[in-house]
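The primary structure of each chain is shown beneath.
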Amino acid sequence: AKLHGVKREQVLLGCGSTEILRMAAGAFLRPGKRLIQANPTFEAMEHYAQAAGAEVVSLRLTPQFAHDLEAMSDRLDEHTALVYICNPNNPTGTLTPRADLELFIKRLPANTQILIDEAYHHYAGESARYQSFIDRPVDNERVIVTRTFSQVYGLAALRLGYAVSSPKVLQLVRAHATEQNVNGVVAQAAMAALEDTDSVRDSVKRNADDRQEFRNSAMVRMLKPIDSHANFVMMDTHHPAQEVIDHFQKNQVLIGPHFPAMDTHIRVSLGTRPEMVRFWRVWDMLHYTQMHM
């Protein structure tokens with residue numbers, strides 16, 4: 001709360017930010033209600049919505065790989081209880097402009113909540129296109145913003161995430177928390193992580209450098225990755241994605257899963273320099289890459 005300049009009752013902790021998504025689904029979704037989301041996006045919310053018996057409407061991204069807010073607006077009605085926006089989006093690493101999101105929020109029905117997942121916030125950078133809804137909030141009780149300690153803080157296995165919203169909304173969400181959802185080890189680690197601003201700054205810079213290096217290596221091979229604002233990159237292989245994924249697995253390199261909505265794209269997490277050298281070595285072993293080399 002002190003970090004973001006909000007009241008304590010505006011913060012809700014969870015066992016990873018995925019538990020916050022589950023709590024939100026439990027609070028707002030049920031049979032007869034609808035979740036609207038992008039396709040592809042982080043898949044957890046869809047699973048929780050289905051478990052709650054809600055309808056899930058998944059809409060393709062724009063040609064710029066942003067959330068198609070116009071298409072989402074067209075599906076808003078009295079049955080729409082929750083809209084999920086992952087920004088930067090996972091798996092594409094792309095941004096949906098802040099100005100567009102503000103207009104979209106103004107059009108939301110009174111009974112519709114919007115959850116903005118900012119798991120990759122630190123990698124996005126401040127710009128006219130992207131600004132956090134925690135750091136620069138809008139005066140709207142329908143907005144829930146989530147963050148995680150799994151990414152830039154490196155605490156994924158320990159599980160800690162949080163939401164920032166109005167006390168009234170979080171009271172509804174908190175009712176769906178597990179009784180003991182945050183462990184003492186991660187609480188201590190998170191407090192240390194919040195104080196270690198130098199490591200956060202260094203990690204963000206290193207990730208930006210690694211992203212550029214990946215882009216350079218891809219362009220040399222006549223590939224054009226999607227412009228990423230996260231710690232992973234998605235790129236079009238121009239061949240069936242599952243075929244490429246299987247090739248990497250056979251050569252002891254694991255990359256992201258297959259996303260049917262983007263059937264020829266692969267999602268690659270940015271690793272250490274030796275890991276990325278290994279990635280490109282295995283890529284160059286693909287039989288059809290020789291035609292481009």
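Preceding this section is the structure that the text describes.
Values in this document were obtained by computation on a predicted structure and should not be read as measured data.

Trainee: I keep staring at the pattern of salt bridges and nothing clicks. Help me out?
Mentor: Pairing between side chains becomes possible if they bear opposite charge and their charged atoms approach one another. Summed over the entire model, instances satisfying the criterion amount to 11 salt bridges. We note a salt bridge from E102 to R136, for which the minimum N-O separation is 2.7 Å. Placement of E102 in helix α4 (residues 98-106) and of R136 in the loop between α5 (121-124) and β6 (143-148) is noted, with a sequence separation of 34 residues between them. The partly exposed category is assigned to R136, whose relative accessible area is 38%. Here K205 makes a salt bridge to D209, at a shortest N to O gap of 3.0 Å. Of this pair, K205 and D209 are both found in helix α8 (residues 197-220), four residues apart, which corresponds to roughly one turn of the helix. Owing to a relative accessible area of 43%, D209 belongs among the partly exposed residues under this scheme. Salt bridges here are not isolated pairs; linked through shared partners, they connect R34, E55 and D77.

Trainee: Honestly, the sheet that holds β6 in this entry has me stumped. Any pointers?
Mentor: Strands belonging to one sheet form pairs held by backbone hydrogen bonds; the direction of such a pair is parallel or antiparallel. The strand order β1-β7-β6-β5-β4-β2-β3 describes an open sheet built from seven strands, whose pairing is mixed. Pairing within the sheet leaves two strands with one partner each, and these edge strands are β1 (11-14) and β3 (55-60). Looking at each pair of strands side by side, their axes are set apart by 20° on average, direction ignored. Contacts from helix α6 (residues 167-174) reach β1, β5 (113-117), β6 and β7 (161-164) within the one sheet, and its direction differs from that of β1 by about 25°.

Trainee: I tried to follow unusual backbone geometry on my own but got confused; where do I start?
Mentor: What is expected of a backbone is that most residues other than glycine have negative phi and most peptide bonds are trans. The linkage connecting N39 with the following residue, P40, adopts the cis geometry, with an omega of 5°. Relative to the elements of secondary structure, P40 occurs in the loop between β2 (34-39) and α2 (44-51). Its identity as a non-glycine residue notwithstanding, H238 has a phi of 65°, on the positive side. Within the fold, H238 resides in the loop between β8 (232-236) and α9 (241-250). Owing to a relative accessible area of 53%, H238 belongs among the exposed residues under this scheme.

Trainee: Help me understand the state of the cysteines in this model?
Mentor: Considering all chains together, one arrives at zero disulfides under this definition. C86 supplies the cysteine sulfur nearest to C15, a cysteine that is in no disulfide, at a spacing of 19 Å.

Trainee: I tried to follow the packing of aromatic side chains on my own but got confused; where do I start?
Mentor: Both the distance between ring centres and the angle between the ring planes are used here to describe each pair of aromatic rings. Scanning all chains against the criterion turns up seven aromatic pairs. Here Y120 and F232 contribute two aromatic rings whose centre-to-centre distance is 5.1 Å and whose plane-to-plane angle is 85°, an arrangement assigned as edge-to-face. A residue pair is termed long-range when its members are at least 10 positions apart, and Y120 in the loop between β5 and α5 and F232 in strand β8 qualify at 112 residues. This pair shows no difference in class: Y120 is buried, exactly as F232 is. Consider the rings of F214 and W280, whose centres lie 5.0 Å apart with planes at 45°: the pair is tilted. In this pair, F214 sits in helix α8 while W280 sits in helix α10 (residues 273-283), placing the two residues 66 residues apart along the sequence. Side by side, F214 and W280 carry an identical accessibility label, which is buried.

Rules used throughout
Residues numbered from 1 in each chain as written. Predicted model: local features only at pLDDT ≥ 70, side-chain atom pairs only at ≥ 80, totals over all residues. Heavy atoms only, no water. Salt bridge = Lys/Arg side-chain N within 4 Å of Asp/Glu carboxyl O. Helix = DSSP H or I, 4+ residues; strand = E, 2+ residues; numbered from the N terminus. Buried < 20%, exposed > 50% of the residue type's maximum accessible area, 1.4 Å probe, protein only. Pairing = 2+ DSSP bridges. Axes fitted to C-alpha atoms, helices over the stretch in contact; angles between N-to-C directions. Contact = heavy atoms within 4.5 Å. Disulfide = S-S within 2.5 Å. Phe/Tyr/Trp six-rings, centres within 6.5 Å; stacked < 30°, edge-to-face > 60°.

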